[in-house]
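Descriptive analysis of the structure
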Amino acid sequence: MSTTILLTGGAGYIGSHTLIALHEAGYQPVILDNFSNSHPAVLERLERITGQPVRVERGDVLETPWVEAVLRRHQPVGVVHFAGDKAVGESVANPLKYFHNNIGGAVSLLRAMAAVHADGTAPAAPTLVFSSSATVYGDPASVPITEDFPRSHTNPYGHSKLVIEDMLTALRTASPVWRVGVLRYFNPVGAHPSGLIGEDPADIPNNLMPYVTQVAVGQRPYLNVYGNDYPTPDGTGVRDYIHVQDLAAGHVAALQALLGGSESFTVNLGTGHGHSVLEVVKAFEAASGRPVPYAFAPRRAGDVAQCYADAALAKRLLGWEARHTLHEMCADAWRWQSGNPNGYRG
Ligand SMILES: NC(=O)c1ccc[n+]([C@@H]2O[C@H](COP(=O)([O-])OP(=O)(O)OC[C@H]3O[C@@H](n4cnc5c(N)ncnc54)[C@H](O)[C@@H]3O)[C@@H](O)[C@H]2O)c1
């Protein structure tokens, strides 16, 4: 039986960490990526960490016939679909890019998977793990958030995730042979403990941790803290930060469950605990020994006060739970950033 797993978007932040976790669990990962938001230098780093050549298919997930050819060539028993665009602000400014690449990319991949299953080329039932996001909960009425909370969207990025989730449900209804694991990530941060791979935003970071690390390394003068009048203990927004290594392990657990015959599922991947912006700043200063100057700025439209997961379902269904502490998230993020101030471009 093949142990090959195709990772669309596998050269990106979460995909690259997942590749290592899959390798360590005995799978043979293959990356499919167009490098629109990643750098080929990650491949050599991955080879150093795994001690093996990395298999890569360079191209666009929107090209259905090519994706089909990739599936026929590698015969994966499962696919993890990371490929997509993820910048909330950009999605508001350029919604068609998000509907085209995210929804169009998912349609293209699913059609290619369906085609190789239909003609009997696929080695197993179509098995997919999809990168969804806590953004599908919109502005939750309460915390912690369980998977049965109502879903909504506040921007085209979130809308695209919601549509893809619905598409997967419709597909399973039409064709129950599909095995689908939808993973709703909370806030992935940190880096591989080697310091060789990590998050490498091409532009001004949208997320807190890469911004904090860029301030600490001197690339930006200070951190803007958006809102200090939220109904939270210190007034700043509270989020569920999860170490990217834990997230990567969650993908291995999801694939093992699906390939072991489990029903399809939708689960939160979070720690179940929230940390405020100021707590993250303090933890990062402690882990790095560097000051992180900050200034309060007005709340940003669309930001919510608190967002953290109820992580019990993933533990029950997959036997998975997050293990890394906030200190480890900060220490690993710092090791990556301080060793690679210009990311992969250095
Ligand atoms: N990072 C987060 O905070 C977060 C949170 C929730 C969900 N997610 C989702 O997880 C997935 C991975 O996120 P990430 O942080 O690793 O992002 P990333 O941008 O680092 O990785 C995405 C990868 O997909 C590739 N890609 C994009 N469009 C493609 C296309 N048409 N064809 C082939 N490759 C393409 C990019 O080059 C990149 O390597 C995304 O779907 C994202 O929406 C991320």
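Whatever comes next refers back to the structure up there.
How each quantity is defined
Residues numbered from 1 in each chain as written. Predicted model: local features only at pLDDT ≥ 70, side-chain atom pairs only at ≥ 80, totals over all residues. Heavy atoms only, no water. Near = heavy atom within 4 Å. Polar contact = N/O pair within 3.5 Å; in protein donor to acceptor, adjacent residues only side chain to side chain. Helix = DSSP H or I, 4+ residues; strand = E, 2+ residues; numbered from the N terminus. Core = buried A, V, L, I, M, F, W, Y, C linked by side-chain atoms within 4.5 Å. Buried < 20%, exposed > 50% of the residue type's maximum accessible area, 1.4 Å probe, protein only. Contact = heavy atoms within 4.5 Å. 1 Å grid on protein atoms, 1.4 Å probe; cavity = no way out; pocket = protein on both sides within 12 Å on 5 of 7 lines; lining within 4 Å. Points joined across faces, edges and corners; volume = space filled by probe spheres on them. Nonpolar A, V, L, I, M, F, W, Y, C, P; charged D, E, K, R; others polar. Salt bridge = Lys/Arg side-chain N within 4 Å of Asp/Glu carboxyl O. Pairing = 2+ DSSP bridges.

**A few points about the site of the ligand**
- Surveying the vicinity of the ligand reveals 27 residues, the closest of which are Asp-33, Asn-37, Ser-38, Lys-86 and Tyr-157.
- Between the ligand and Tyr-13 there is a distance of 2.9 Å, counted from an oxygen atom to a backbone nitrogen or oxygen.
- Side-chain polar atom of Lys-86 to an oxygen atom of the ligand: 2.7 Å apart, as the coordinates give it.
- Secondary-structure elements contributing two or more residues to the shell around the ligand are α1 (13-24), β5 (127-133) and α6 (156-174).

**With respect to the nonpolar core**
- In this structure, Ile-5, Leu-46, Leu-183, Phe-265, Val-267, Leu-269 and Leu-318 are the most contacted members of the largest nonpolar core, which totals 44 residues.
- Elements that contribute at least two residues to this core include exactly β1 (4-8), α1, α2 (41-50), β6 (179-185), α8 (244-259), β11 (265-269) and α10 (312-318).
- If one sorts the elements of this core by residue count, α8 sits on top with 9 residues.
- Once residues lying within four places of it in the same chain are set aside, the contact partners of Val-267 are Glu-147, Val-182, Leu-183, Arg-184, Leu-313, Ala-314, Leu-317 and Leu-318.

**A few points about empty space enclosed by the protein**
- If you walk through the whole model with that rule in mind, you get 4 cavities of 30 Å³ or more.
- Together, 17 residues line the largest cavity, and Leu-71, Pro-76, Val-116, Ala-122 and Pro-123 are the ones closest to its centre.
- Contributing elements (two or more residues each) for the lining of the largest cavity: α3 (64-74), β4 (78-81) and α5 (95-118).
- Per element, the largest residue contribution to the lining of the largest cavity is 3 residues, and it comes from α5.
- For the second largest cavity, the calculated volume is near 90 Å³.
- Lining the second largest cavity we find Tyr-13, Pro-188, Val-189, Gly-190, Glu-199, Met-209, Pro-210, Thr-213, Ala-333, Trp-336 and Gln-337.
- At the level of elements, β7 (187-189), α7 (208-216) and α11 (326-339) are the ones that each hand at least two residues to the lining of the second largest cavity.
- For the lining of the second largest cavity, a count of residues per class yields 7 nonpolar, 3 polar and 1 charged.

**Things to note about the pattern of salt bridges**
- Counted under the stated rule, the structure contains 14 salt bridges.
- We note a salt bridge from Arg-72 to Glu-68, for which the minimum N-O separation is 2.7 Å. In this pair, Arg-72 and Glu-68 are both assigned in helix α3, 4 residues apart and thus about one turn of the helix distant.
- Asp-166 serves as the salt-bridge partner of Arg-151, at 2.7 Å between the closest nitrogen and oxygen. Within this pair, whereas Arg-151 is found in the loop between β5 and α6, its partner Asp-166 is found in helix α6, the two being separated by 15 residues in sequence.
- According to the relative accessible area criterion, Arg-151 is partly exposed, its value standing at 32%.
- Because the salt bridges share partners, they merge into one network encompassing Arg-151, Glu-165, Asp-166 and Arg-184.

**A word on the sheet that holds strand β9 (residues 238-239)**
- Judged by pairing direction, the sheet is mixed, and its 3 strands sit side by side in the order β12-β9-β14 without closing on themselves. Taken across any chain shown, the strands that pair with only one partner, and hence form the sheet edges, are β12 (275-276) and β14 (306-307).
- Here 2 bridges tie β9 to β12, and the two strands are oriented antiparallel to one another. Among the inter-strand pairings, Arg-239 is bridged to a residue of β12, identified as His-275.

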